[in-house]
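Analysis of the macromolecular model
Chain residues, written in single-letter form:
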Amino acid sequence: MMKKAIKYILAIILVLFIASNSIYFKKLSDVKAYAAKQFDAAKYARNYLTTQLIPAADKAPQADELLALLKSSPDTAFKTYSHGLDIGNIRFFMVQGQGTVTAVDENDIYILTKNKQALKIAIEYVFGNALRDAPGLININDFTNTMDLNNIAAEVDKIVRAEVLPPIKSKVKTGDKLTFAGAFELNQEHINLDKIEVIPVVLKIDK
Amino acid sequence: MMKYFKILLLVMLAFASCQNRSGSTKQKKIAIIVSTLNNPWFVFLAQTAAARAKTLGYESKIFDSQNNTALETDHFENAIADGYNAILFNPTDANGSVVNVQKAKKAGVPVFCMDREVNSPDATSQIFSDSYSGCVSLAKDFVQTLNKKGNYVELLGLVADNNTWARSKGFHSLVDYYPGLKMVAQQSADFDRNKGLEVMESILQAHPNIDAVFAGNDAMAMGAYQALVAAGKADHVKVFGFDGAEDAIQAIKDKKVSATAMQFPKVIAQTAADDADAYFKGKRDFPKKLPVAVELVTYDNVNDYIAYGKK
């Protein structure tokens, strides 16, 4: 009887020991402080947009010059102006310019530049890495988590969709003069200049 | 005179030993440990890595983990014990494979991850497809093809693999902005063609009215397509895959599959083998992560591509 009681006591002690080591408590303030240290992609994107992307857009090559170079000497154009965090064929360019609106649909504004180059400016599918990668200012080795980089691209695009597009989408019409700056993607193995679609970061209807 | 002769002899001996050492780099062995050889994509990845290693003058051996982390651990232990000098590694599980990478690091063996990531900074470098961005491009085509409305099914890959979630998150980062597109089912089919077929058959029982399938790889997309053919729905339902596998490229040409995202296993495998070679020659500053761009393949540009890469 005594032996049985000892066995039960030992079993209870063992269970309590395991249970106490399975559960731990943390202060809510500590958990919140840890969460606050997690990468804040929205904050990074806002800072990147104002301190790096818009200044880079201001220094971007003019659309007429860049498109002419892409036609005459694509290797030089890619080497001089393109960037990308990935290795491979997909590269990104910054560009700026002015043009006259020739058509508008739900996805794009179609313009003709001063030198009669046709370009599309995206007003629906503002997604992807163009605005993150084109200036070539973000270093992949500064990020240990790949998803942080993906989230930066998503957040920059989100700002453009929320703040840059709405004032233009509701007003723009054929014949308007536009000033734009942004980024576009191009496959260096299979260059198709007709498919260029600029993701804008600056978009204004000139008065 | 004798003194000078001795010095000359010593210098010659030193040169000879240097030559032996540089010659010994050619004797180095590279282990190629791959998650599964039951998928032609990984067979291509492993064989390309082995071919590159051979071109660089190294002996190599391919190990098949059969999607089993325990077997993968055995392979690591054997590779380390057998004196392999570097491991080109396609992990089975982003978390479960970490312990193997750590073991190799402890043994002084560099690990270059191919295509799949491990959640550890202990890998020497990780070279992988930019699955997230590839799926953003694929998602844009998906939304345009479906005209922003319809019911769809998502087939996920292995739930423990980072690529599964990178692809899914990339896809949803765009598609979820369109409320007209409703995901009626989301299930894992483990990147496997037969499971893709089985899972799709069972989903079609519960949701017969679907307009599209987004599969996390081409094997599952082709399995889903087979299920759609059997159900008499293949003409209506649009199928989207990921990989750029041979049968998917042909299926795009035949208008059976709408689109895929082309990965470049050749670039990944060759970069990993080149990195191992550079490591043997003294390089140490490798980028921890090196994404490789993924390209959208549709009926419009399919003739620019062949399986696993560009023409």
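Structure shown above.
Everything numeric here is computed off the predicted structure, so don't read it as measured data.

Turning our eyes to something else, we now look at the overall build of chain B. Check the secondary structure of chain B and you find 10 helices and 14 strands. Buried residues in chain B amount to 55% of all 311 residues. Carbon and sulfur atoms make up 53% of the accessible area of chain B, which totals about 13,500 Å².

This part is about the interface of chain B and chain A. Tallying the contact residues gives 31 residues for chain B and 25 residues for chain A. Summed over both sides, the interface between chain B and chain A buries roughly 2,300 Å², with carbon and sulfur atoms accounting for 51% of that surface. Here Glu106 of chain A makes a salt bridge to Lys148 of chain B, at a shortest N to O gap of 2.8 Å. Where chain B packs against chain A, one counts 12 residue pairs in polar contact (both at pLDDT 80 or more). The set of elements that each furnish at least two residues to the side of chain B that touches chain A consists of helix H5 (131–145), helix H6 (162–175), helix H10 (265–280) and strand S11 (289–292) of chain B. By residue number, the principal contributor to the side of chain B that touches chain A is H5 of chain B, which donates 6 residues. Its residues assigned to classes, the side of chain B that touches chain A shows 17 nonpolar, 4 polar and 10 charged.

If you walk through the whole model with that rule in mind, you get 16 salt bridges over all chains. The partner of Asp133 of chain A in a salt bridge is Arg132 of chain A, with the nearest N and O atoms 2.6 Å apart. On the basis of relative accessible area, Asp133 of chain A is assigned to the buried category, the value being 3%. A salt bridge links Arg193 of chain B to Asp247 of chain B; the nearest nitrogen and oxygen atoms lie 2.7 Å apart. Of the two residues, Arg193 of chain B sits in helix H7 (residues 193–206) while Asp247 of chain B sits in helix H9 (residues 246–253), which places them 54 residues apart along the sequence. You can call Arg193 of chain B partly exposed: its relative accessible area is 32%. The partly exposed category is assigned to Asp247 of chain B, whose relative accessible area is 32%. Bridged by salt links that share partners, the residues Glu106, Glu124 and Lys169 of chain A together with Lys148 of chain B form one connected network.

A separate point is the packing of H7 of chain B against helix H8 (residues 218–230) of chain B. All names here are of chain B. At a minimum axis separation of 7 Å, H7 and H8 run at an interaxial angle of 45°. When the axes of H7 and H8 are compared, the pair comes out oblique. As H7 packs across H8, the resulting crossing turns out to be right-handed. Touching Arg193, Gly196, Leu197, Met200, Glu201 and Leu204 of H7 are Ala219, Met220, Met222, Gly223, Ala224, Gln226, Ala227 and Leu228, all from H8. Classifying every residue of the contact of H7 with H8 gives 9 nonpolar, 3 polar and 2 charged.

Quick look at the packing of aromatic side chains now. Residues and elements named next belong to chain A. Evaluated as defined, the whole model comprises 19 aromatic pairs over all chains. Residues Phe39 and Tyr44 carry aromatic rings whose centres are separated by 5.6 Å and whose planes lie at 50° to one another, so their mutual orientation is tilted. Since its relative accessible area comes to 33%, Phe39 is described here as partly exposed. Centroid distance Phe93 to Phe184: 5.2 Å. Interplanar angle 15°. Geometry classified as stacked.

The rules we used
- Residues numbered from 1 in each chain as written.
- Chains lettered and ligands numbered in written order.
- Predicted model: local features only at pLDDT ≥ 70, side-chain atom pairs only at ≥ 80, totals over all residues.
- Heavy atoms only, no water.
- Helix = DSSP H or I, 4+ residues; strand = E, 2+ residues; numbered from the N terminus.
- Buried < 20%, exposed > 50% of the residue type's maximum accessible area, 1.4 Å probe, protein only.
- Areas by Shrake-Rupley, 256 points an atom, 1.4 Å probe, with all protein chains shown as cover.
- Contact = heavy atoms within 4.5 Å.
- Buried area = accessible area lost by both parts, 1.4 Å probe.
- Salt bridge = Lys/Arg side-chain N within 4 Å of Asp/Glu carboxyl O.
- Polar contact = N/O pair within 3.5 Å; in protein donor to acceptor, adjacent residues only side chain to side chain.
- Nonpolar A, V, L, I, M, F, W, Y, C, P; charged D, E, K, R; others polar.
- Axes fitted to C-alpha atoms, helices over the stretch in contact; angles between N-to-C directions.
- Parallel < 35°, antiparallel > 145°, perpendicular 65-115°, else oblique.
- Left-handed = near helix turned anticlockwise from the far one by under 90°.
- Phe/Tyr/Trp six-rings, centres within 6.5 Å; stacked < 30°, edge-to-face > 60°.

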